[in-house]
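# Structural overview
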Amino acid sequence: MKLSINTPPHYNKQFLRFFVALIGVFFSTASSLHAQQLGIYGDVFVSSEATLAVHSDQTHFFSGIIDTPENAPGQVSFVATAHAITPHDGSHVEADVLSHAHTNFIFPVGDTGVYQPLQIQEGSAEDLRVSFKFLGHSARNAAAPIESLSNAFYWTVDGEKNARLSLSWNSASNLRQLTDELDALLIAAYNGTEWVALPAMLEPFNFDGNNTATSLEQGAITTTDLVDFSNYSAVTLAAMVINRDIEVSQAITPNGDNINDVWHIENIQRYPAAIIKVYNRWGAQVFLQDGNYNNDWGGTFENNSKPLPPAPYFYRIDLDADGVIDREGWIYINH
């Protein structure tokens, strides 16, 4: 293990190597030692239970990964106001990370050289233990509306804490194998029996500190409500099926009764470039919408206030504005 961590500027490289080696020894052999606790300038403690306790408010990750031998105990505990600063693929924790009484905390976790943090916000006082696994969870049973689960990664969660939850992804997450639409993303939590969806919204930016806009390549999603982590043992990203079918209403009755007062085209918002044209029985154009139709046409001539007479009208819709008519048919206006 190599780690540069909150070291005063006058320390030299030789001491750093010693410091790193010392932590490495405790992580790999602590279970066989009888020492009670080792303190390093009051900021970092290594216990005989292979726990690295960090008390520094700003613990900087520069290079190297903290991990423990496979199937061996060990965790990194961030105590009180301690937080990890600038972890990345080359420097993070590949072991359990314990957040002690934080209301807001970003877990600096990763696996196999990939940093993929989990964040909590508005948390209660209880502890929460988290680790990241860069492989699919063995349980695959999921409740609606979940259609598919990530088979690439998940986070373990353990604690009585209540908090809002944010999950992240990056280019290594290969999210396009899960979905090709951001709007389809869900947060899924495993309750011991099945995966359930937690109400969530996409964040405009990833929480990597670089104001990286959320996309399928990297981003974040946050639950809208507090999560009771005692109900779950793992969380991951999932996707639902989005209905993209276009359903065109066949009638407009603009009489003010709020029923069919406007022409409704279901899911037209998914085609912002759609060109919509409506003609009378003699082929004269009476309505044109060149993109961004808002389901608000009330059967007026060229979208002004003059109502069209009751009659059948012919519509044509080019969903992608590519010159190909994707939908056409008749609509009836009856006052």
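These remarks concern the structure in this document. Because the structure is predicted, anything quoted here is derived from the model rather than measured. (Residues numbered from 1 in each chain as written. Predicted model: local features only at pLDDT ≥ 70, side-chain atom pairs only at ≥ 80, totals over all residues. Heavy atoms only, no water.)

## A short note on the overall build of the chain
Helix and strand content of the chain: one helix and 30 strands. Relative to its full complement of 335 residues, the chain shows a buried share of 45%. Within the chain, contacts between residues separated by at least 24 positions form 57% of all contacts whose residues are at least 6 apart in sequence. Of the roughly 16700 Å² that the chain leaves accessible, carbon and sulfur atoms contribute 49%. (Helix = DSSP H or I, 4+ residues; strand = E, 2+ residues; numbered from the N terminus. Buried < 20%, exposed > 50% of the residue type's maximum accessible area, 1.4 Å probe, protein only. Contact = heavy atoms within 4.5 Å. Areas by Shrake-Rupley, 256 points an atom, 1.4 Å probe, with all protein chains shown as cover.)

## With respect to the pairing of strand β17 (residues 162-169)
Counting buried residues in β17 gives six out of eight residues, a clear majority hidden from the surface. Pairing of strand β13 (residues 118-121) with β17, which is carried by four bridges, proceeds in the antiparallel orientation. Counterpart to Q121 in the pairing with β17 is R164. (Pairing = 2+ DSSP bridges.)

## Describing the sheet that holds strand β25 (residues 251-252)
In space, the five strands of this open sheet follow the order β25-β30-β29-β27-β28, with mixed pairing throughout. The sheet terminates laterally at β25 and β28 (285-290), the two strands that pair on one side only. Sheet analysis places strand β27 (residues 275-279) next to β28, joined by five bridges and oriented antiparallel. What sits directly across from I275, in β28, is D290.

## Some thoughts on unusual backbone geometry
Across the junction of A144 and P145, the peptide omega takes the value 10 degrees, indicating a cis bond. Tracing the chain through its elements places P145 in the loop between β14 (128-133) and β15 (148-149). One non-glycine residue, E122, lies in positive phi territory at about 55 degrees. Inspection of the secondary structure puts E122 in the loop between β13 and β14. Residues other than glycine seldom take positive phi values, yet N295 does so here, at roughly 55 degrees. Along the chain, N295 turns up in the loop between β28 and β29 (311-318).

## Details of the pattern of salt bridges
All told, the structure shown has six salt bridges when counted by the stated rule. A salt bridge links R164 to E122; its shortest N-O distance comes to 3.3 Å. With R164 in strand β17 and E122 in the loop between β13 and β14, this residue pair connects regions lying 42 residues apart in the sequence. By relative accessible area, E122 is classed as partly exposed at 47%. Residue R176 pairs with E217 through a salt bridge whose shortest N-O separation is 3.0 Å. One end of the pair, R176, is in the loop between β17 and β18 (185-190); the other, E217, is in the loop between β20 (200-202) and β21 (219-223), with 41 residues separating them in the sequence. Judged by its relative accessible area of 52%, R176 falls in the exposed class. Among the charged side chains, a network of salt bridges with common partners joins E181, D183 and R270. (Salt bridge = Lys/Arg side-chain N within 4 Å of Asp/Glu carboxyl O.)

## A word on the environment of H335
Take H335: it is sitting in the segment after β30 (327-333). The contact partners of H335, leaving out residues within four places of it in the chain, are P254, P307, L308 and P310. A distance of 2.8 Å separates a polar side-chain atom of H335 from the backbone oxygen of L308. (Polar contact = N/O pair within 3.5 Å; in protein donor to acceptor, adjacent residues only side chain to side chain.)

## Looking at the packing of aromatic side chains
Applying the stated criterion to the full structure yields 13 aromatic pairs. Considering the side-chain rings of F78 and F105, the 5.4 Å spacing of their centres and the 55 degrees angle between planes classify their relative orientation as tilted. Of this pair, F78 sits in strand β6 (residues 75-78) while F105 sits in strand β10 (residues 105-107), and the two are 27 residues apart along the sequence. For F78, a relative accessible area of 0% translates into the label buried. F105 sits in the buried class, given a relative accessible area of 1%. With a centroid separation of 6.1 Å and an interplanar angle of 40 degrees, the aromatic rings of F132 and F153 are classed as tilted. Remark: F153 occurs in the loop between β15 and β16 (154-159) and F132 occurs in strand β14; sequence separation between them is 21 residues. Under the relative-accessibility criterion, F153 is labelled buried at 1%. (Phe/Tyr/Trp six-rings, centres within 6.5 Å; stacked < 30°, edge-to-face > 60°.)

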